[in-house]
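Structure at a glance
So the chains spell out like this:
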Amino acid sequence: MSTPGCTVSGEETYQDHGPAQPLTVKSTSVAAVACTSGTEGSTVGTVTVNGSGSHEFEIDVTDEGEPGTSDTYGIRFPDVGYDSGTQTLQGGSIQIR
């Protein structure tokens, strides 16, 4: 849940190259962002999958500090039956403040 009176914004783009289920996802809205601890957070909202439809998404992340090589994420699209499982970032860094 986001802080009352706080404007939630952002954008999510996610691409899974397969082999099991290749897909491209783009957010259409971000409904809530929450920090569950100083190092963990969640985001929920709505996306298109492969350019169509309207699907809910859920993302859980952990910030394991710099340089970010141990940061993790997991992304789910419940109505599509997709769950990435918890993955270590292949690049970039998650920063929870």
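Preceding this paragraph is the structure being described.
Residues numbered from 1 in each chain as written. Predicted model: local features only at pLDDT ≥ 70, side-chain atom pairs only at ≥ 80, totals over all residues. Heavy atoms only, no water.

**Observations regarding the overall build of the protein**
The helix and strand inventory of the protein stands at zero helices and seven strands. Across the protein, helices and strands are ordered from the amino to the carboxyl terminus as β-β-β-β-β-β-β. Within the protein, buried positions represent 34% of all 97 residues. Sequence-distant contacts, at least 24 apart, represent 32% of the contacts inside the protein between residues at least 6 apart. Accessible surface for the protein amounts to roughly 6,000 Å². Of this, 49% is attributable to carbon and sulfur atoms. (Helix = DSSP H or I, 4+ residues; strand = E, 2+ residues; numbered from the N terminus. Buried < 20%, exposed > 50% of the residue type's maximum accessible area, 1.4 Å probe, protein only. Contact = heavy atoms within 4.5 Å. Areas by Shrake-Rupley, 256 points an atom, 1.4 Å probe, with all protein chains shown as cover.)

**Things to note about the pairing of strand E4 (residues 52–62)**
Two elements, strand E3 (residues 40–49) and E4, share nine bridges in a ladder whose sense is antiparallel. Among the inter-strand pairings, Ser42 is bridged to a residue of E4, identified as Asp60. (Pairing = 2+ DSSP bridges.)

**Section: the layout of surface pockets**
Rolled over the atoms, a probe with the dimensions of a water molecule shows which regions are left empty. Here the largest pocket is characterised by a volume of approximately 500 Å³. Sorting the residues of the lining of the largest pocket by element identifies strand E1 (13–16), strand E2 (23–35), E3, E4 and strand E5 (72–77) as the ones contributing at least two each. Among the elements that line the lining of the largest pocket, the one with the most residues is E2, at four residues. Grouping the constituent residues of the lining of the largest pocket by class yields 13 nonpolar, seven polar and three charged. (1 Å grid on protein atoms, 1.4 Å probe; cavity = no way out; pocket = protein on both sides within 12 Å on 5 of 7 lines; lining within 4 Å. Points joined across faces, edges and corners; volume = space filled by probe spheres on them. Nonpolar A, V, L, I, M, F, W, Y, C, P; charged D, E, K, R; others polar.)

**Quick word on the nonpolar core**
Ranked by internal contacts, the top residues of the largest apolar core, which has 14 residues, are Tyr14, Leu23, Val25, Val47, Ile75, Phe77 and Tyr82. Breaking this core down by element, the ones donating at least two residues are E2, E3, E4 and E5. When neighbours within four sequence positions are excluded, Val25 is seen to be in contact with Glu12, Thr13, Tyr14, Val47, Thr48, Val49 and Phe77. (Core = buried A, V, L, I, M, F, W, Y, C linked by side-chain atoms within 4.5 Å.)

**Looking at the pattern of salt bridges**
With the rule as written, the count across this model stands at two salt bridges. The closest approach of N and O atoms between Arg76 and Asp60, which form a salt bridge, is 2.8 Å. Residue Arg76 is located in strand E5, and its partner Asp60 is located in strand E4; the two are separated by 16 residues in the primary sequence. Overall, Asp60 belongs to the partly exposed group, its relative accessible area being 34%. Look at the salt bridges and you will find they share partners, linking Glu58, Asp60 and Arg76 into a network. (Salt bridge = Lys/Arg side-chain N within 4 Å of Asp/Glu carboxyl O.)

**Observations regarding the environment of Cys35**
Relative to the elements of secondary structure, Cys35 occurs in strand E2. With 27 residues separating them along the chain, Cys35 and Thr62 place their C-alpha atoms 9.8 Å apart. Once residues lying within four places of it in the same chain are set aside, the contact partners of Cys35 are Glu40, Gly41 and Ile96.

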